[in-house]
Structures are given as C-alpha cells and as structure tokens.
Amino acid sequence: MEHPDSILIVDFGSQVTQLIARRVREAGVYSEIVPFQSAAEAFARINPAAVILSGGPASVVDENSPRIPQAILDSGLPMLGICYGQQALTEQLGGKVEKGDSGEFGEAFITVEGECTLFDGLWATGERHQVWMSHGDKVTALAPGFRVVATSPGAPYAIIANDERRIYAMQFHPEVVHTPDGAKLIANFVRHVAGVSGDWTMAEFRAAKIAEIREQVGEGRVICGLSGGVDSSVAALLIHEAIGDQLTCVFVDGGILRQGEAEQVVSLFRGHYNIPLVHVDAQDLFMDGLAGVTDPEAKRKFIGKTFIDVFEAEAKKIGGAEFLAQGTLYPDVIESVSFTGGPSVTIKSHHNVGGLPARMNMKLVEPLRELFKDEVRVLGRELGLPDVFVGRHPFPGPGLAIRIPGEVTRERCDILRKADAIYLDEIRKAGLYDAIWQAFAVLLPVRSVGVMGDGRTYDSVLALRAVTSVDGMTAQAFDFPGDFLPRVTTRIINEVKGINRVVYDYTSKPPGTIEWE
Ligand code: XMP
C-alpha cells in the first residue's frame, strides 16, 4: 500500500533498528522497516517521503556486503544514514570507507562544526554533545557534495551533510537513549528535512493492525494465550476487535501465577469484555514436568513447550484453530541488548519467542511485535483497557518458575506467592507502584540460620527486586525510601513460613537482567 507521508527504514541488521522506528513514531510519523534485501520492492510499493538507512554488523569494505538499492539512491528523496548506513552511502556515492583497527564503542563526544538542518533548535556551532558510538569501520573520504558538520576524536566524519541532495549521515547511533539528543535529531530529519507532518497516532496503528490481522487470519480461528499481563491482554483486545468470535482466549494456570491472578483475568475477560475465555487448570502438568529441572533454559523450554501443548489441545476442542496469538513485544524478539553490532547472542529464551518448540502446528499472530512496553500501554488505553491492567508491572510468561532458582515445587511457589503479594501490597500502600517498572520477589535456593523467639530457624532467603526502566532493555535498581525495606522484610519474615532472611538486589541491567533466570 502506498504511504507517501511515511518513512521507509532499511534494515542492515542492527540490534537497534526498531528503536529508529520508535523514534520516528515519537515524531508522530508512520514508518515501515524492511530488510535491505527487499528494500527496492518495498520502496516502490510504499512510495515514502524519505528513507533512513540503519546500522548493521557487516563491513562495506567486504565483498558482497549489503548495498542500498540503486532506485533509492536515484530517487532524489531525503536520506539519513546511520553508522553502516553512513558507510554504505559514502561508498556508493563515491567516497571512501576503511576498516578501523580498533573501532569505537560507547559514549563519545562530538563537536558541532557547522550549521545543519538536523540541528534546528537543538545544537549550535562549537558545542560539544554526547553520543553513542558503535562502529569498527569509518569514513575516510567524503563523497562529492558532502561536508562535515560534526566531528569527534575517533570519527572525523561524525555527521556529514549534503544539503542539495538532502542526504545526512552519522557515524553514531542517534536512536539509542545513550545519545541524549538523538530523538530530536531524528525528529528534525523527519519534520524539517523530509517535511512530513507529525500527526500519526496510536489510533492509526490500531486501525492498520486490525486490517493486517483480518488479512492474515481470513476466516480462520485464533487461539490467544492470555497471561494476564498487559501485552497479551492488549493483543487479545486488538484481535477481538479485528475478528470477533473467531478468537478464543486461553488462560493457563500452571501453578506459576501470582496471587489472585487467575480470578482477575477471568473476571475481566469474561465479565467485562464478554470475550470467550477457556480457563485451563494445568497445575499437575506443569509441576510434574518441572520436577527435578534446575537449569534456567531447560525450565523456559519446558514451559514454552507445555503452553503450546495446552493451546493445541484446546484448539482441538474448539474444532481446530490455525493461529496462535501472543503478546510478543520487540524486546522479546531481539533477546539481546548488544549495541556492539556483533552477532546477536541469545541471553534467554523468552517463552513468547525462543522458548517455542520448533515444530508447532499453529501459525503465529503477533500484532505487537514491533512495539515497546510503554507503547503497548498507550495502545491499551486507546483500546479502553482498564487502568489497573494497563499499568500492571510486566510479568514473564514462565512466571514464578524463573523466580525460583533451583527446583520449582508447589510448596516453593506457594511461599513465593505469599511473599510477593506482601511486597506488592506494601509498594501499593506506599504509593510507589507506578514509579516502578517491575517489582517482584525471588525465592533463593539458599538457607540461612536465624533466630525467632527463642528458637533457631534454618529457612530460605528471599531476594526483593524493583527496577525502573523505559522499555525493559536497560534498568536501574529502584531506591526505596529509608523505612520501606525494613518494614517489608519484617512483614515477610513474620507472615511467611519458610523465609527467615530478606535481601535487596541492587544490580542494574546490564550487567544483570531484570529476572534472575
Ligand atoms: P530480562 O530478565 O531479560 O527481562 O531483563 C526483560 C523483561 O522481559 C520480561 N521477561 C519475559 N517476558 N516472557 C515474557 O513475556 C519471557 O519469557 C520473559 N522473560 C523475561 C521480564 O519480566 C522483564 O520485564
């Protein structure tokens, strides 16, 4: 479909290409990401207002490395090249790129050398600004018509401009939060260079996705795995709006849910929305299968597979379903937060994605795949999801099982559920729930000696975790006010049998992850 007010993002394989799309959305403009292999076809089909070329792990110096389609280069449209995108532009337009000996990764400071439309209302000549570099190769000679508008010690061509052709390019990554003014640079490109007005909204995303879901599903039947979290709830509402009764939601209780979770979900979906919902009690299946499993990846794989087994069994009962819907988000898809441009590393198999068995009889419907959590919340509000659901802290598909390092048993799930409920209750009472991205307890496979009353105890240690984050890809430990943690600790030890010591986890992400497994 033609979309003349949109931005086409050509993906050369960077870990953070989706962040470019996000920044363009933040500027109020619709964008589509296409892999470089199909960029020529997409360019002709969409007829965009401008093109952004992403970073990527390849080296333009190498034979057969990805290239910008000639039709895009010849189009006369505005272009923004980022990192690999800058190198490809330079190489293809007659400049020179060389392999760097060492590369440059992380925070760097650039100096503004000249005026540029990208700096409108933002930067002035002579100023220094922080950016995030991540490159091995670098531009060593400009293509004709280009001038340098910013430099850094490691990147003399940090930002280059060809005003006549409206082509701009930078060595660093403006899309990541570590380039504090990056979103504004991209917004300036979109609005001032490409001249696209910023009136794209989540309402349009909703309409576009509904059309896409209808096209994908046709007359087919869809099973949606509901976890009670905001992602799967939003996915279910969106799909229900698209295909109505062709959707059946399945809520699986594998014994790894939080306190009161099942009741809440069932009453919202059956009572409030009147969406067909099957509530499956699969506690025996999950608990029996988890017996003796201690390796985090083995747990994740087992849980992912067992969910699918249950969904497939439920699909059979309703006479077959060709599609399985999930609330998979973008951070679940990339699984890795590497900004280094190296090959993507599997940090953990998120059960929405990597934890799924290779052989599955249903096709996936994942309408939220390109969104980040905070964007899903905006969409949830757009769809009228009640605030208590929209604002809920994320909860992972594998649930409490990955918050019980070591073997998962019913007894340990019960202990953790109680402690977690107290922790969250105190957080709500203190009015801190919305200030925190995610708070939860982890039941450690460690016992410690304590003294209660006149007796000796030898019980489990509980770790409390609370983090702030924008999108779950990086996170900082939350600093509770002075009296909070001692109060929660006392309550948990007094009220939960089996725990005699509570510790607080101060690790940020990276180097930690948010969940312990
Ligand atoms: P990590 O632990 O990787 O988590 O820093 C980042 C965010 O993702 C959530 N998470 C998951 N969500 N299925 C999900 O739906 C999963 O398998 C999964 N693992 C982690 C985690 O709770 C945090 O919000």
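Rules behind the numbers
- Residues numbered from 1 in each chain as written.
- Predicted model: local features only at pLDDT ≥ 70, side-chain atom pairs only at ≥ 80, totals over all residues.
- Heavy atoms only, no water.
- Pairing = 2+ DSSP bridges.
- Helix = DSSP H or I, 4+ residues; strand = E, 2+ residues; numbered from the N terminus.
- Axes fitted to C-alpha atoms, helices over the stretch in contact; angles between N-to-C directions.
- Contact = heavy atoms within 4.5 Å.
- UniProt positions renumbered as here; feature names shortened; annotations may be inferred.
- Buried < 20%, exposed > 50% of the residue type's maximum accessible area, 1.4 Å probe, protein only.
- Right-handed = clockwise from strand over helix to strand, strands pointing away.
- Salt bridge = Lys/Arg side-chain N within 4 Å of Asp/Glu carboxyl O.
- Parallel < 35°, antiparallel > 145°, perpendicular 65-115°, else oblique.
- Nonpolar A, V, L, I, M, F, W, Y, C, P; charged D, E, K, R; others polar.

Caption draft 1: Expanded view of the sheet that holds strand β7 (residues 128-135). Judged by pairing direction, the sheet is mixed, and its nine strands sit side by side in the order β2-β1-β3-β4-β11-β10-β9-β6-β7 without closing on themselves. On the outer flanks of this sheet lie β2 (31-35) and β7, each paired with one strand and no other. Taking each pair of neighbouring strands and ignoring which way they run, the sheet shows an average axis angle of 25°. Of the strand pairs in this sheet, strand β4 (residues 79-82) and strand β11 (residues 167-170) are connected by four bridges, and their pairing is parallel. Opposite Ile-82, over in β11, you have Met-170 as the bridge partner. Against the sheet, helix α1 (residues 17-26) contacts β1 (7-11), β2, β3 (50-53) and β4, and its axis sits at roughly 170° relative to β1. Where helix α4 (residues 84-92) meets the sheet, it contacts β3, β4, β7, β10 (159-162) and β11, and its direction lies at approximately 115° from that of β4.

Caption draft 2: Structural context of the UniProt feature "binding site: ATP" (unreviewed entry) in the protein chain. In the numbering adopted here, UniProt assigns the feature "binding site: ATP" (unreviewed entry) to Ser-227, Gly-228, Gly-229, Val-230, Asp-231, Ser-232 and Ser-233. Topologically, Asp-231 is positioned in helix α7 (residues 230-243). Its relative accessible area of 13% is what places Asp-231 among the buried residues. Filtering out sequence-adjacent residues up to four positions away, Asp-231 remains in contact with Gly-327, Leu-329, Leu-368, Lys-373 and Val-376. Note on placement: Ser-233 falls in helix α7. Overall, the relative accessible area of 0% leaves Ser-233 in the buried class. What Ser-233 contacts, discounting residues up to four positions off in sequence, is Leu-226, Gly-228, Phe-269, Leu-385 and Phe-389.

Caption draft 3: Expanded view of the pairing of strand β14 (residues 277-281). Bridge analysis of strand β13 (residues 247-253) against β14 gives five bridges, and the strand direction is parallel. In the strand pairing of β14, Asp-253 is matched with Asp-281. Regarding the hand of the β-α-β motif, the stretch spanning β13, helix α8 (residues 261-272) and β14 is right-handed.

Caption draft 4: Inspection of the sheet that holds strand β15 (residues 323-325) at higher detail. Taken in spatial order, the five strands make up an open sheet running β14-β13-β12-β15-β16, and their pairing is parallel. Both edges of this open sheet fall to β14 and β16 (363-365), since each of them pairs with a single strand only. Averaged over all adjacent pairs, the angle separating strand axes in this sheet is 30°, with direction ignored. Lying over the sheet, α7 contacts β12 (222-226), β13, β15 and β16, oriented at roughly 160° with respect to β12. Sheet strands in contact with helix α10 (residues 296-317) are β12, β13, β14 and β15, and its direction is about 135° off that of β13.

Caption draft 5: Spotlight on the pattern of salt bridges. Taken as a whole and assessed by the stated rule, the structure comprises 32 salt bridges. Glu-375 serves as the salt-bridge partner of Arg-25, at 2.7 Å between the closest nitrogen and oxygen. Here Glu-375 lies in helix α12 (residues 373-382) and Arg-25 lies in helix α1, a separation of 350 residues in the sequence. By the burial criterion, Arg-25 is buried, and Glu-375 matches it. Linking Asp-284 and Arg-410 is a salt bridge whose minimum nitrogen-to-oxygen distance equals 2.5 Å. Of this pair, Asp-284 sits in helix α9 (residues 283-290) while Arg-410 sits in helix α14 (residues 410-429), placing them 126 residues apart in sequence. Given the relative accessible area of 38%, Arg-410 is considered partly exposed. One continuous salt-bridge network, built from bridges that share partners, spans Asp-425, Glu-426, Lys-429, Asp-483, Arg-487, Arg-491 and Glu-495.

Caption draft 6: Fine view of the packing of helix α6 (residues 202-217) against α12. Closest axis-to-axis distance for the α6/α12 pair is 10 Å, and the angle between their directions is 80°. The angle between α6 and α12 falls in the class roughly perpendicular. In contact with Met-202, Ala-203, Phe-205 and Arg-206 of α6, α12 contributes Glu-375, Val-378, Leu-379 and Glu-382. Here the contact of α6 with α12 is composed, by residue class, of five nonpolar, no polar and three charged.

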